[in-house]
Amino acid sequence: MAAPALARCMARTGVLPLGQAWGRAPRLPPSPLPAQRRAFSNNKVLVELDESAGVATMKFKSPPVNSLSLDFLTEFCISLEKLENDRACRGVILTSAVPKIFSSGLDITEMCGKSTEHYAEFWRAVQEMWLRLYSSNMVTVAAVNGSSPAGGCLIALTCDYRIMAENPKFSIGLNEAQLGIVAPFWFKDTFVNVVGHRVAESSLQLGSLHSAPEAHRIGLVDELVPEEKLKDRATAVMQQWLALPDHARQLTKTMMRKAVLDRLVAHREEDVQNFISFISKESIQKSLRMYMEMLKKKKS
Ligand SMILES: CC/C=C\CCC/C=C/C(=O)SCCNC(=O)CCNC(=O)[C@H](O)C(C)(C)COP(=O)(O)OP(=O)(O)OC[C@H]1O[C@@H](n2cnc3c(N)ncnc32)[C@H](O)[C@@H]1OP(=O)(O)O
């Protein structure tokens, strides 16, 4: 691949190949030192690590809508990898610093009118984000504090647990079909693993965006809480998960997710080529352009 974002990411962070990350020694519980907080930030995400609790909070901060651009995905992977390699961190809470939006999904402008090389680089970055998060040794909790269509929903689905603010105006779902595009098999597999085949089948075909209460009813999110309680509830859930020995939880997670992860790892390049040929079609480009125009018109 021609100087892809992930190659840069690996060069900068010394990231291990995915398979090796699984074989990593179990995390140690944090040492009983006085409470210590560390923070690091880049253009797209802000990370605060509470060393005494062993928990990091990663806040998406890419206004206006936290769209998953190539830059965002690269910075996300770098931050996640830093935490993954930090023995003081056993869990991460993903949330948004942008009011009312968790993430608007893949950045549509990255999929419109670009070169084949760009599509390949972008798609590899999307794959990498999912592979790293789905196989993370850390406990991952999504604190969904806003709308979360498509790729934004995928991020939440990829976590171990989802808590959503109970605002009925917030929606979540894999709405790709509404854009005239198709969620790839690993989006679908992740969705099926959370909500089951029947719900996933109709929701995916209709490209449904579910209101927060409906998302809870179909099991897309695990619980709803008032927005002002979201942070505290995510912290409490995290403590509950971290009360268990890491090695038992990690091995169980690996067992539950391995088949789905292995499927993409085995077909990664094929999946990139499939994305390129699909997204390059003139009919698909036209659908995406029309969708972007519709978003703009909605504003005026
Ligand atoms: C073989 C496999 C092939 C393909 C697989 C591809 C899988 C794709 C996965 C995806 O994630 S596709 C993206 C799907 N996302 C959406 O449908 C969300 C679209 N956005 C919205 O619905 C809304 O913007 C909102 C997130 C609900 C926020 O609404 P709000 O009213 O607050 O903001 P507004 O609509 O005015 O948007 C502000 C600004 O941001 C631009 N925008 C919004 N979403 C995206 C996006 N996903 N990518 C790029 N840009 C986006 C929007 O156009 C506005 O821009 P402007 O200020 O310049 O007009």
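Here, the structure is the one placed above.
Please read all numbers here as calculations on a predicted model, not as lab measurements.

Peer 1: In this structure, what is going on with the overall build of the protein chain? I would like to understand it.
Peer 2: Helix and strand counts for the protein chain come out as 12 helices and 11 strands. Across the protein chain, the fraction of contacts at a sequence separation of at least 24, relative to all contacts at a separation of at least 6, is 77%.

Peer 1: Looking at this model, I keep getting lost on the sheet that holds strand β2 (residues 45–50). Mind explaining?
Peer 2: Strands belonging to one sheet form pairs held by backbone hydrogen bonds; the direction of such a pair is parallel or antiparallel. Reading across the sheet, the seven strands line up as β1-β2-β3-β4-β6-β8-β11 and stay open at both edges, with mixed pairing between neighbours. Strands with a single pairing partner mark the edges of an open sheet, and in this sheet they are β1 (37–41) and β11 (223–225). Taking the axes of each pair of neighbouring strands and ignoring which way they run, one obtains an average angle of 20° across the sheet. Helix α3 (residues 70–84) rests against β2, β3 (55–60) and β4 (91–96) of the sheet, and its axis sits at about 10° to β2.

Peer 1: Hey, could you run me through the nonpolar core in this one?
Peer 2: Membership of the largest hydrophobic core comes to 76 residues, with the highest contact counts inside it found for Val141, Val144 and Met164. The dominant element in this core, judged by the number of residues it contributes, is helix α4 (residues 116–134), at nine residues. Those residues in contact with Val141, other than ones at most four positions away along the chain, are Gly91, Ile93, Cys159, Asp160, Tyr161, Ile163, Ala234, Val237 and Met238.

Peer 1: What is the right way to look at the packing of helix α5 (residues 151–158) against helix α6 (residues 185–195) in this model?
Peer 2: Any two packed helices are characterised by the angle at which their axes cross and by the distance between the axes. Packing of α5 against α6 leaves a shortest axis separation of 10 Å and a crossing angle of 50°. The angle between α5 and α6 places the two elements in the oblique class. Of the two elements, α5 crosses α6, and the hand of that crossing is left-handed. Here Leu154, Leu157 and Thr158 of α5 lie close against α6, whose contacting residues are Phe187, Thr190, Phe191 and Val194. Classifying every residue of the contact of α5 with α6 gives five nonpolar, two polar and no charged.

Peer 1: In this structure, what is going on with the sheet that holds strand β7 (residues 146–149)? I would like to understand it.
Peer 2: Pairing is mixed in the open sheet, where four strands are placed in the order β5-β7-β9-β10. With one partner strand each, in any of the chains shown, β5 (100–101) and β10 (210–211) form the two edges of the open sheet. Its contacts with the sheet put α5 on β7 and β9 (171–173), and the angle it makes with β7 is roughly 100°.

Peer 1: Looking at this structure, I do not really get the pairing of β1. What am I missing?
Peer 2: Moving residue by residue along a regular strand, the side chains alternate between the two faces of the sheet. Of the pairings in the sheet, the one linking β1 to β2 comprises five bridges and is antiparallel in character. The residue bridging Ser41 from the neighbouring strand is Leu46, located in β2. Counting the residues that bridge the hairpin from β1 to β2 gives three residues.

Peer 1: It is not clear to me how the site of the ligand should be interpreted in this structure. Could you clarify?
Peer 2: Around the ligand sit 29 residues in total, of which Ser104, Gly105, Leu106, Ala150 and Gly151 are the nearest. Those elements that place two or more of their residues in the shell around the ligand are β7, α11 (268–279) and α12 (282–299). By residue class, the composition of the shell around the ligand is 17 nonpolar, eight polar and four charged.

Peer 1: Would you mind going over the pairing of β3 with me for this structure?
Peer 2: Across the six residues that make up β3, a large majority, five, are buried. In the sheet, β2 pairs with β3 via six bridges, with the strands oriented antiparallel. Counted as the bridge partner of Leu49 is Ala56 from β3. Counting the residues that bridge the hairpin from β2 to β3 gives four residues, and of these Gly54 lies at a positive phi of roughly 75°. In this sheet, β4 lies alongside β3 in parallel orientation, the contact comprising six bridges. Residue pairing across strands places Thr57 opposite Ile93, the latter belonging to β4.

Peer 1: Would you mind showing me how to read unusual backbone geometry here?
Peer 2: The general pattern is negative phi for most residues beyond glycine and trans for most peptide bonds. In this model, Pro63 is joined to Pro64 through a cis peptide bond whose omega is 10°. With respect to the secondary-structure elements, Pro64 resides in the loop between β3 and α3. Positioned with a positive phi, Lys100 is a non-glycine residue whose angle comes to about 70°. If you trace the backbone, Lys100 turns up in strand β5.

Peer 1: When you look at α3 in this model, what are you seeing that I'm missing?
Peer 2: Working note: α-helix, 3.6 residues per turn, so residues spaced by three or four point in the same direction. The end-to-end C-alpha distance of α3, which contains 15 residues, comes to 21 Å, matching closely the 21 Å that a straight helix rising 1.5 Å per residue would cover. Counting buried positions along α3 yields 13 of 15 residues, so the element is predominantly enclosed.

Peer 1: Looking at this structure, I do not really get the environment of Trp130. What am I missing?
Peer 2: Along the polypeptide, Trp130 turns up in helix α4. Separated by 61 residues in the primary sequence, Trp130 and Phe191 have C-alpha atoms spaced 13 Å apart. With near-sequence residues (within four places) excluded, Trp130 lies in contact with Leu154, Thr158 and Trp186.

Conventions used here
- Residues numbered from 1 in each chain as written.
- Predicted model: local features only at pLDDT ≥ 70, side-chain atom pairs only at ≥ 80, totals over all residues.
- Helix = DSSP H or I, 4+ residues; strand = E, 2+ residues; numbered from the N terminus.
- Contact = placed C-beta atoms within 7 Å.
- Pairing = 2+ DSSP bridges.
- Axes fitted to C-alpha atoms, helices over the stretch in contact; angles between N-to-C directions.
- Core = buried A, V, L, I, M, F, W, Y, C linked by C-beta atoms within 7 Å.
- Buried ≥ 20, exposed ≤ 12 C-beta atoms within 10 Å, placed from the backbone.
- Parallel < 35°, antiparallel > 145°, perpendicular 65-115°, else oblique.
- Left-handed = near helix turned anticlockwise from the far one by under 90°.
- Nonpolar A, V, L, I, M, F, W, Y, C, P; charged D, E, K, R; others polar.
- Near = placed C-beta within 6 Å.
- Expected span 1.5 Å × (residues − 1).

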